[in-house]
Amino acid sequence: MVAWLNLPLASGWIADRILGDPSWLPHPVVAMGKGISCAERHLNKGRYRKAKGAITAIGLIALTYASAWLILHLLSDYMWALIAVQAILIFFCLAGTTLANEVRMVFTATDRSLDDGRRQVGRIVGRDTARLSAQEVRTAALETLAENLSDGVVAPLFWYAIVGGPGMLAYKMINTLDSMFGYRNERYADFGCWSARIDDIANWIPARITAALMALLSGTPRAAWLSIHRYGKCHASPNSGYPEAALAGALDCRFGGTHDYFGKSVYKPYIGENARDFDYSDAVKAIAVNRKVEVIMILITVGVRLLFLL
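For every chain, the first residue of the written sequence is number 1, and numbering continues from 1 along that sequence. Since the coordinates come from a predicted model, pLDDT governs what is reported: local features require at least 70, and pairs of side-chain atoms require 80 or more to be given and counted, while whole-chain, interface and lining totals use all residues. To obtain the side-chain values, all non-hydrogen atoms of the structure were included, while hydrogens and water were left out.

Student: Please set out the overall build of the chain residue by residue, giving values where relevant.
Tutor: Along the backbone of the chain there are eleven helices and two strands. Strands here are runs of E lasting at least two residues and helices are runs of H or I lasting at least four, both read from the DSSP assignment and numbered beginning at the N terminus. Order of helices (α) and strands (β) in the chain, N terminus to C terminus: α-α-α-α-α-α-α-α-α-α-β-β-α. Along the three orthogonal principal directions, the C-alpha set of the chain runs to about 55 × 50 × 35 Å. The buried label applies to any residue whose accessible area, calculated with a 1.4 Å probe on protein chains only, is under 20% of its type's maximum; exposed applies above 50%, and partly exposed to all values in between. Relative to its full complement of 310 residues, the chain shows a buried share of 49%. A separation of at least 24 residues holds for 69% of the contacts in the chain among residues at least 6 apart in sequence. As displayed, the chain offers around 15100 Å² of accessible surface, 64% of which is attributable to carbon and sulfur atoms. Neither His nor the chain termini are counted; the positive set is Lys and Arg, and the negative set is Asp and Glu. Each charge is placed at NZ for Lys, CZ for Arg, CG for Asp and CD for Glu. Charge centroids of the chain, computed over 32 positive and 26 negative side chains, lie 4 Å from each other. Contacts are assigned to residue pairs with any non-hydrogen atoms lying within 4.5 Å of each other. Only the protein chains shown count as cover for residues, and all accessible areas are computed by the Shrake-Rupley method using a 1.4 Å probe.

Pasting the structure below:
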C-alpha cells in the first residue's frame, strides 16, 4: 500500500527529469495565466483595487484547490486512473529539469554572443534584458536558478508533503499570481498586494529549507552557511535572499545590484562579496547543487507522507 501511494510522486518526478516541460505539451500554468489575466483585465480598475485583488487571489487559489480535490475524489475508486492523474499533476508542478536546461542555454548562448544571451535569459527573468552585460546575463541566470529551486522544486514538494496534490497545484496558482502581479509599480501595487503577500507566506518555510539543503550539499557548507547568515535577509523579498545567499557562498561570488523592471531602475542589495566573473563551470556546479537538493527533497517528501500514514 505504501509503495502505491509513493508511485505518483516517483512517476511524476522521473517524468520531469526525462521530459522537462516540452513546448508541444499543454501546461496547466498557461491556463492559470489566462484565467488570471482575464480576472485582472476586468477587475484591476476603478476603486477598491486592493480588495478586488484579494478576492481574485483567494478565489483563484481556493478554486484551484477545490477543483483538484474534486477530480481526485471522483477517481478514488479507480486506482490506476488516480495514480496516473496524480503523477501528471506532480510532473506539471515540478520545474527542476526545465530550469537547469534554461540556465545551461543562457551560458551557452552568452558564450556565443551577447545578444543571444540576452534573448535567452529573457525567457526566465522578469527584469529588462536589453542592456545587460555578459556578466549581468550570467548573474541573472544564476540568481534565478537559486530562487526557482525553491519556487519550482522545493516549495511544490513541501506543499505536496503537507496537503497532497491539491495543495501542490494550489501553490502553483499562488506562484503564478505572484509572478504576474507581484510588482510594486503603478499597475499592480494595489491589485497585486495580496498575491505577493500570500506568495511570501507560502514560500517562507520552503525558501529556508532550500537554503539549508543547498548549504549542506554545496561542498563548501561553512562558506554557504556564513553567507546565508550574513546576506539571507538582505534581499527585498523575505524569501529569495536565502537560496541566493546559499549559492553565493557555494560559488564564492556576488549577486544583486541595480536592475531595470518595466523601464524603472530597482536597486537590490549585494549578496556575497567576491565580484568575480562567471563562466560555464559555475553553471555546472550550481546545477549540480540543485539536482542534489531535488533528490534529497524527494526523499524528505516521501518520508513525510509515510509519517502521515502511521
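Student: Describe the pattern of salt bridges, with residues and values.
Tutor: Between Lys or Arg on one side and Asp or Glu on the other, a salt bridge is scored when a side-chain nitrogen of the former is within 4 Å of a carboxyl oxygen of the latter. Scanning the model with the defined rule gives eleven salt bridges in all. Arg276 is paired through a salt bridge with Asp282; the nearest N and O atoms lie 2.6 Å apart. Arg291 is paired through a salt bridge with Glu294; the nearest N and O atoms lie 2.9 Å apart. Within this pair, Arg291 and its partner Glu294 are both found in helix α11 (residues 280-309), separated by three residues, close to a single helical turn. Each member of the pair, Arg291 as well as Glu294, carries the same accessibility label: buried.

Student: Mind laying out the packing of aromatic side chains, listing which residues take part and the relevant values?
Tutor: One pair of aromatic rings is described through two measures. These are the centre distance and the angle between the planes. A pair of aromatic rings is counted whenever rings of Phe, Tyr or Trp (Trp by its six-membered ring) have centres within 6.5 Å, and the orientation is called stacked for planes under 30 degrees apart, edge-to-face for over 60 and tilted otherwise. In total, this model carries five aromatic pairs according to the counting rule given. Plain terms: the ring middles of Phe181 and Phe191 are 5.2 Å apart, the flat faces sit at 75° to each other, and that makes the pair edge-to-face. Of this pair, Phe181 sits in helix α7 (residues 134-181) while Phe191 sits in the loop between α7 and α8 (193-217); the two residues are ten residues apart in sequence, bridging distant segments of the chain. The exposure class assigned to Phe191 is buried, which follows from its relative accessible area of 1%.

Student: Any chance you could break down helix α3 (residues 49-74) for me, citing the residues and the numbers?
Tutor: Since there are 3.6 residues in each turn of an α-helix, residues three or four apart along the chain are aligned in direction. Take the number of residues in a helix, subtract one, and multiply by 1.5 Å to get its expected span. Helix length check: α3 (26 residues) gives 37 Å between terminal C-alpha atoms against 38 Å at 1.5 Å per residue, within 8%. Along α3, the positions that sit buried rather than exposed are Gly53, Ala54, Thr56, Ala57, Leu60, Ile61, Thr64, Ala68 and Leu72. Residues of α3 that are buried sit in contact with α2 (28-43), α4 (79-93), α7 and α8.

Student: Account for the packing of α7 against α8, naming residues and giving values.
Tutor: Direction vectors running N to C along α7 and α8 enclose 105°, while the axes themselves pass 10 Å from each other. The orientation of α7 relative to α8 falls into the category roughly perpendicular. Taken together, the residues of the contact of α7 with α8 break down into 18 nonpolar, five polar and three charged. Helix axes use the C-alpha atoms of the stretch in contact, all axes being lines fitted to C-alpha atoms, and the angles between their N-to-C directions lie in the range 0 to 180 degrees. Any angle between 65 and 115 degrees counts as roughly perpendicular, while under 35 counts as roughly parallel, over 145 as roughly antiparallel, and the rest as oblique. Any residue outside Ala, Val, Leu, Ile, Met, Phe, Trp, Tyr, Cys, Pro, Asp, Glu, Lys and Arg is labelled polar, Gly included; the first ten of those are nonpolar and the last four are charged.

Student: Summarise the packing of α3 against α8; cite the residues concerned and give the values.
Tutor: The relative placement of two packed helices is expressed as an angle between their axes plus a distance between the axes. Relative to each other, α3 and α8 sit at 45°, their axes nearing to 7 Å. Classified by the interaxial angle, the pair formed by α3 and α8 is oblique. Seen from α3, the contacting residues are Lys50, Gly53, Ala54, Ala57, Ile58 and Ile61; seen from α8, they are Cys193, Trp194, Ser195 and Ile198. Taken together, the residues that form the contact of α3 with α8 break down as seven nonpolar, two polar and one charged.

Student: Tell me about the pairing of strand β1 (residues 254-261), and please be specific about residues and values.
Tutor: For a regular strand, the rule is simple: side chains alternate between the two faces of the sheet. Taking burial as the measure, the eight residues of β1 include six buried ones, the bulk of the element. Here β1 runs beside strand β2 (residues 264-272); their pairing, made up of seven bridges, is antiparallel. Bridge pairing links His259 to Val266 in β2. Note: two strands are recorded as paired if DSSP finds a minimum of 2 bridges between them.

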